[in-house]
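Below are the chains, spelled out letter by letter.
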Protein chains: 2
Amino acid sequence: MLSIIGIGPGGKMRMTLEAIERIKNVDVIVGYGPYIDYVREFIENQEVFQNGMKGEIERCKKAIEFAKEGKEVAVISTGDAGLYGMAGPILELAQDENIDVEVLPGVSSAFSAAADLGAPLMMDTALISLSDLLVSYEKIKERVRAAAMSDFVISFYNPRSKGRTEYLKEAFEIIKEYRKENTPVGIVRNSGRENFSYEITTLGEIDFKKVDMKTIVLVGNSTSFISNGRIITKRGYDL
Amino acid sequence: MLSIIGIGPGGKMRMTLEAIERIKNVDVIVGYGPYIDYVREFIENQEVFQNGMKGEIERCKKAIEFAKEGKEVAVISTGDAGLYGMAGPILELAQDENIDVEVLPGVSSAFSAAADLGAPLMMDTALISLSDLLVSYEKIKERVRAAAMSDFVISFYNPRSKGRTEYLKEAFEIIKEYRKENTPVGIVRNSGRENFSYEITTLGEIDFKKVDMKTIVLVGNSTSFISNGRIITKRGYDL
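Residues numbered from 1 in each chain as written. Chains lettered and ligands numbered in written order. Predicted model: local features only at pLDDT ≥ 70, side-chain atom pairs only at ≥ 80, totals over all residues. Heavy atoms only, no water.

**Q** Quick one: what's the story with helix α1 (residues 17–24) of chain A, residue by residue and with numbers?
**A** A large share of α1 of chain A lies buried, amounting to 6 of its 8 residues. The inward-facing, buried residues of α1 of chain A contact β1 (2–6), β2 (28–32), β4 (73–77) and β5 (101–104) of chain A together with α1 (17–24) of chain B. (Buried < 20%, exposed > 50% of the residue type's maximum accessible area, 1.4 Å probe, protein only. Helix = DSSP H or I, 4+ residues; strand = E, 2+ residues; numbered from the N terminus. Contact = heavy atoms within 4.5 Å.)

In structure tokens:
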């Protein structure tokens, strides 16, 4: 069995029992080097295959190889393995192989960040990655506009990298066509992990320099407000 | 401390360690009756306050009362407490009370269902509830259209109830304006719980009678396909 496992945002506290149990009981753990550290305490006799950034597809192929040898394999992804994770490529590569593959869900980063901020999601929500490695930037902006115009709460994954310093700013310009300057915005750094911190600001006042790849950025909708250092989106109840 | 806790889709295996630890160590657990059963094995000496459907706001107020008496309180929501859950109303009601409130994230139902189906999410995704108890149906349809036209994978929460037999069908009519009839659709019943099952069909062939409030419905995007009884959405890698 090859298990593709979402380990949540990083700390063991936001891992599921299912993920922990599975990782403890496999023969081989496969993952991106820095993420292996997140599950270090559950590693005893398991073999570990790790590699670096851009080694995703090598990891997928290696995991399938191990499974074909009859080994129990856990491939770990941070957050949820099915969103911007390894579940898709592995299932695609394993289509014609005679192995069992399962996917175990995890707490995706936007949900972890949202909990840290209070209750910014609450209602219909759109999750968008600003990385254009695998999607065109035009398509990304089209999705930002669609989500903005129909009042989705929006969570941005991969909001800003060294090579993409302006995308979030441009996304915010699109959102501002539909939402007020004082719309709440949350920037959460290292949610669920060491050195966790967050900041609450607005669409009009955000300092984009505070955003990098270790952050998730959430933008409220027309009913969101800031109270006592928290973002709250109204659920619609008559309170 | 009042903790608002997402317990995941139902079974203990998809709960986080953090949620379990917290529930074990509070004085009072507050929740919707049937959901209390999901955490029964972690209840020993904790007091339990439970009530029925439509008792949401009574539960919120009761939880705040307990916290004001100095008790440690856990309010449980299924899935993630911050999405269609209790986090918002409680934070709103507790604004002027002198109590500490925290939100602990959980695996939201769409992610649990997606893992069961394979890898349907993978890319930018929109989560939409078809319940119009707290949102107008016009607004819901506007969001369905926005998500459909910009190629978001779409997850439907509360897809069909006795009083809303036609909404999912009407949502599908909107989606069909933008996507092919053979777009993969997954119907997942009781994800993570007893009597779990799922079915994979398409936008054109779905039998709406198989959908009810115990199901989550996922609709793939333009790159999704069905393979070996799984839905896979392409991540964009050159495999």
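The structure having been displayed, the exposition proceeds.
**Q** Kindly report on the interface of chain B and chain A, identifying the contributing residues and their values.
**A** Counting residues at the interface gives 69 residues for chain B, matched by 69 residues for chain A. Counting each side, the surface lost to burial between chain B and chain A is near 6,200 Å², with a carbon and sulfur contribution of 63%. The largest contributions to the chain B side of the interface with chain A come from Leu-134, Arg-143 and Leu-239 of chain B, which together make up 11% of the buried area. Along the contact surface separating chain B from chain A lie 8 salt bridges. When the shortest N-O distance is used, the salt bridge between Asp-124 of chain A and Arg-143 of chain B registers 2.9 Å. Counting across the chain B and chain A interface gives 34 residue pairs in polar contact (both at pLDDT 80 or more). Grouping the constituent residues of the side of chain B that touches chain A by class yields 37 nonpolar, 16 polar and 16 charged. When strand β7 (residues 125–129) of chain A meets strand β7 (residues 125–129) of chain B, the two strands line up antiparallel, connected through 3 bridges. Each bridged residue has a counterpart across the sheet, and for Ala-126 of chain A the counterpart in β7 of chain B is Ala-126 of chain B. (Buried area = accessible area lost by both parts, 1.4 Å probe. Salt bridge = Lys/Arg side-chain N within 4 Å of Asp/Glu carboxyl O. Polar contact = N/O pair within 3.5 Å; in protein donor to acceptor, adjacent residues only side chain to side chain. Nonpolar A, V, L, I, M, F, W, Y, C, P; charged D, E, K, R; others polar. Pairing = 2+ DSSP bridges.)

**Q** I'd like to hear about the packing of aromatic side chains, residue by residue, with values.
**A** Considering all chains together, one arrives at 17 aromatic pairs over all chains under this definition. Both rings, one in Phe-196 of chain B and one in Tyr-198 of chain B, keep their centres 6.1 Å apart while their planes meet at 40 degrees; by these two values the pair is tilted. Since its relative accessible area comes to 35%, Tyr-198 of chain B is described here as partly exposed. Chaining the aromatic ring pairs together yields one cluster made of Tyr-32, Tyr-35 and Tyr-38 of chain A. (Phe/Tyr/Trp six-rings, centres within 6.5 Å; stacked < 30°, edge-to-face > 60°.)

**Q** So what about the relation of the copies chain B and chain A? Which residues, and what values?
**A** Each of the two chain copies goes to the other by way of a rotation about an axis and a shift along it. Superposing chain B onto chain A requires a rotation of 180 degrees together with a translation of 0.0 Å along the rotation axis, leaving an RMSD of 0.0 Å. Expressed as an axis order, the relation between the two copies is that of a two-fold axis. In this assembly the copies share their binding face: 100% of the residues contributing to the interface of chain B also contribute to that of chain A. (Least-squares fit on C-alpha atoms with pLDDT ≥ 70 in both.)

**Q** Tell me about the sheet that holds strand β1 (residues 2–6) of chain B, and please be specific about residues and values.
**A** Residues and elements named next belong to chain B. Overall, parallel pairing links the 5 strands, which are arranged β3-β2-β4-β1-β5 in an open sheet. Two strands in the sheet have a free side with no partner beyond their single neighbour: β3 (47–51) and β5 (101–104). Taken over all neighbouring pairs, the strand axes of this sheet differ in orientation by 20 degrees on average, direction set aside. Of the pairings in the sheet, the one linking β1 to β5 comprises 4 bridges and is parallel in character. In the strand pairing of β5, Ile-5 is matched with Leu-104. Relative to the sheet, helix α3 (residues 56–68) contacts β1, β2 (28–32), β3 and β4 (73–77), its axis offset from that of β3 by approximately 160 degrees. (Axes fitted to C-alpha atoms, helices over the stretch in contact; angles between N-to-C directions.)

**Q** Account for helix α7 (residues 167–176) of chain A, naming residues and giving values.
**A** Buried within α7 of chain A are the following residues: Tyr-167, Leu-168, Ala-171, Phe-172, Ile-174 and Ile-175 of chain A. Across the axial projection of α7 of chain A, the buried residues extend over an arc of 155 degrees, all falling on one side. (Arc of directions from axis to C-beta.)

**Q** Describe the pattern of salt bridges, listing the residues and the values that go with them.
**A** Residue and element names in this part refer to chain A. With the rule as written, the count across this model stands at 42 salt bridges over all chains. Glu-199 is paired through a salt bridge with Lys-210; the nearest N and O atoms lie 3.2 Å apart. Here the residue Glu-199 occupies a position in strand β10 (residues 197–202), and Lys-210 occupies one in the loop between β10 and β11 (215–219), the gap between them amounting to 11 residues. Judged by its relative accessible area of 32%, Glu-199 falls in the partly exposed class.

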